[in-house]
Amino acid sequence: MSDLPLRGAPIGVFDSGVGGLDVAAELARALPHEALVYIGDTARVPYGTRTAEEVLRFTREAARTLVGMGVKAVVLACNTASAVALEALRGELPVPVLGMVSAGVEAVGEWAAGGGRGAVLVLATPGTVRAEAYQRALAAAHPGRAVHALACPLFVPLVEEGWAARPISALITAEQLRGVEALEAPVGAALLGCTHYPLMRGAIGAGLTSVLGREVPLLDGARAVARQLEALLRARALLAPPGGAPPARALHTTSDPARVAALAAQFWRARVGEPLPPIAPLTLSALAPS
Ligand code: DGL
């Protein structure tokens with residue numbers, strides 16, 4: 001049997017909300033020949049304050065829906081889903097599944113290789129911090145380096161509301177980062193371990209500078225996950241053939257598409273250099289094959 005139909009199949013990208021479109025945009029930029037299908041479960045966001053059981057159940061529904069749509073690989077752009085559900089889904093799905101934790105660790109590796117010193121501060125949702133996936137993966141990859149993890153539950157609602165650049169975000173960020181003052185090992189870099197945090201980079205950067213008294217780099221795994229995906233597809237001879245018609249980009253949301261489009265249009269264009277593709281409504285539980 002020819003492998004051509006699979007090579008032309010889309011990449012499935014999943015997030016609990018709108019933030020994962022930033023990862024999808026990076027995949028579209030880095031892998032311009034690949035078709036993409038995105039599901040944002042905006043009706044049930046945030047996942048970061050839910051139980052691990054709920055996160056696994058919802059993520060499984062979305063991932064199975066993507067597989068039902070014929071994807072050749074699934075990227076869990078959602079860090080909470082990656083921290084909680086990646087291993088289970090890898091054992092269940094017939095296609096490869098990538099998550100954000102090892103991509104974040106790779107971003108830390110690059111920073112360290114460039115001479116980065118000091119502790120890594122992981123900023124993430126309560127669910128991601130509780131799952132300890134980042135803490136374990138960073139300890140394994142960078143033994144001896146101090147790692148702090150801080151849950152920031154208020155950042156996601158600010159981004160989902162489109163308030164990331166408002167003055168209130170600076171105030172809330174300062175409150176959320178208060179704990180950083182008391183950390184023993186001096187922070188050398190912050191890892192944005194949540195899809196939504198790169199979308200409020202300005203407020204987080206300013207908040208950290210003010211609490212630490214100096215600037216620290218803000219790392220995230222978007223570029224690394226694109227590299228990991230490319231390597232995986234190349235190794236399995238699944239890279240889309242270049243040339244031909246522009247690849248399809250199908251975006252779905254479980255709530256109001258117009259609202260999601262209004263939030264995502266700007267950062268999609270900034271990364272991809274093209275207008276945001278249309279976003280279609282989707283009901284997850286009705287579609288997910290059991
Ligand atoms: N997508 C989630 C993450 O990256 C953030 C939003 C949520 O809490 O659902 O952790």
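Anything mentioned here points back to the structure above.
A brief structural summary. In every chain, residue numbers begin from 1 and rise along the written sequence. The predicted nature of this model means local features are confined to residues of pLDDT at least 70 and side-chain atom pairs, given and counted, to a pLDDT of 80 or more, with totals for whole chains, interfaces and linings taken over all residues. Values reported for side chains reflect all heavy atoms of the structure, with hydrogen atoms and water molecules removed beforehand.

## Some details on the state of the cysteines
For step 1, the next point in the chain: Criterion for a disulfide: a pair of cysteine sulfur atoms at a distance within 2.5 Å. Under the definition given, this model contains 0 disulfides.
For step 2, the next point in the chain: Here Cys78 stays unpaired: no disulfide links it, and the sulfur of Cys194, its closest cysteine neighbor, is 7.2 Å away.
For step 3, the next point in the chain: Note on Cys78: relative accessible area 2%, which makes it buried.
For step 4, the next point in the chain: Looking at the unpaired Cys152, the closest cysteine sulfur is the one in Cys194, lying at 8.8 Å.
For step 5, the next point in the chain: Relative accessibility thresholds used throughout: buried, under 20% of the residue-type maximum; exposed, over 50%; partly exposed, between the two (1.4 Å probe, protein chains only). For Cys152, a relative accessible area of 1% gives the class buried.

## Section: the pattern of salt bridges
For step 1, the next point in the chain: Salt bridge, as used here: a side-chain nitrogen of Lys or Arg that lies within 4 Å of a carboxyl oxygen of Asp or Glu. Across all of its chains, the model carries 18 salt bridges by this definition.
For step 2, the next point in the chain: Of the charged contacts, one joins Lys72 and Glu34 as a salt bridge, the two residues approaching to 2.7 Å between their closest N and O atoms. Of the two residues, Lys72 sits in the loop between helix H3 (52-68) and strand S3 (73-76) while Glu34 sits in the loop between helix H2 (20-30) and strand S2 (36-40), which places them 38 residues apart along the sequence.
For step 3, the next point in the chain: The exposure class of Lys72 is buried, given its relative accessible area of 2%.
For step 4, the next point in the chain: We classify Glu34 as buried; its relative accessible area is 3%.
For step 5, the next point in the chain: Where Arg57 meets Glu53, a salt bridge forms, and the shortest distance between an N and an O atom there is 3.2 Å. A residue pair is termed a helical-turn pair when its members lie 3 or 4 positions apart in one helix, as Arg57 and Glu53 do in helix H3 at 4 residues.
For step 6, the next point in the chain: Each member of the salt-bridge network shares a partner with another, and the members are Asp22, Glu26, Arg29 and Arg271. Every helix listed is a DSSP run of H or I at least four residues long, and every strand listed is a run of E at least two residues long, numbered separately from the N terminus.

## Quick word on the sheet that holds strand S6 (residues 147-151)
For step 1, the next point in the chain: Across the sheet, which stays open at both edges, the 4 strands sit in the order S6-S5-S7-S8 with parallel pairing between neighbours. Each having just a single partner strand, S6 and strand S8 (218-219) make up the two edges of the open sheet.
For step 2, the next point in the chain: In this sheet, S6 lies alongside strand S5 (residues 119-124) in parallel orientation, the contact comprising 5 bridges. Its bridge partner lying in S6, Leu121 is registered against His148. Strands qualify as paired when DSSP identifies two bridges or more between them.

## Digging into the packing of aromatic side chains
For step 1, the next point in the chain: Each aromatic pair joins two rings of Phe, Tyr and Trp (for Trp, the six-membered one) with centres within 6.5 Å, and gets the label stacked for planes under 30 degrees apart, edge-to-face for over 60, and tilted for any other angle. Across all of its chains, the model carries 3 aromatic pairs by this definition.
For step 2, the next point in the chain: For the ring pair Phe155 and Tyr197, a centre distance of 5.1 Å and an interplane angle of 80 degrees mean the geometry is edge-to-face. On the criterion of sequence distance, the pair formed by Phe155 in helix H8 (residues 155-160) and Tyr197 in the loop between strand S7 (187-192) and helix H10 (201-212) is long-range, its members being 42 residues apart.
For step 3, the next point in the chain: Note on Phe155: relative accessible area 0%, which makes it buried.
For step 4, the next point in the chain: Put simply, the rings of Phe14, Tyr47 and Phe58 touch in pairs and so form one group of aromatic residues.
For step 5, the next point in the chain: Geometrically, a charge over a ring is one whose NZ (Lys) or CZ (Arg) sits within 6 Å of the ring centre while staying within 35 degrees of the ring normal. Seen from the ring of Phe58, Arg44 lies directly overhead, with NZ or CZ sitting 3.8 Å from the centre.

## A closer look at a nonpolar patch on the surface
For step 1, the next point in the chain: Think of a patch as exposed residues, more than 30% relative accessible area, with no salt bridge, where like charges cluster within 9 Å and nonpolar side chains (Val, Leu, Ile, Met, Phe, Trp, Tyr) cluster within 5 Å. Computed by Shrake-Rupley with a 1.4 Å probe, the accessible areas treat only the displayed protein chains as cover when residues are assessed. On the surface, a cluster of nonpolar side chains totalling about 280 Å² of accessible area is made up of Trp163, Ile168 and Leu171.
For step 2, the next point in the chain: Of note, Ile168 is situated in helix H9 (residues 167-176).

## Looking at the pairing of S2
For step 1, the next point in the chain: With 5 of 5 residues buried, S2 is to be regarded as a mostly interior element.
For step 2, the next point in the chain: Along S2, one buried face is formed by Leu36, Tyr38 and Gly40 and the opposite face, lined by Val37 and Ile39, is buried too.
For step 3, the next point in the chain: Examined bridge by bridge, strand S1 (residues 11-15) and S2 share 5 bridges and lie parallel to one another. Pairing of Asp15 across the sheet is with Gly40, part of S2.
For step 4, the next point in the chain: As defined by bridge partners, S2 adjoins strand S9 (residues 249-253) across 5 bridges and the pair is classed as parallel. Following the sheet pairing, Val37 is matched in S9 by Ala250.

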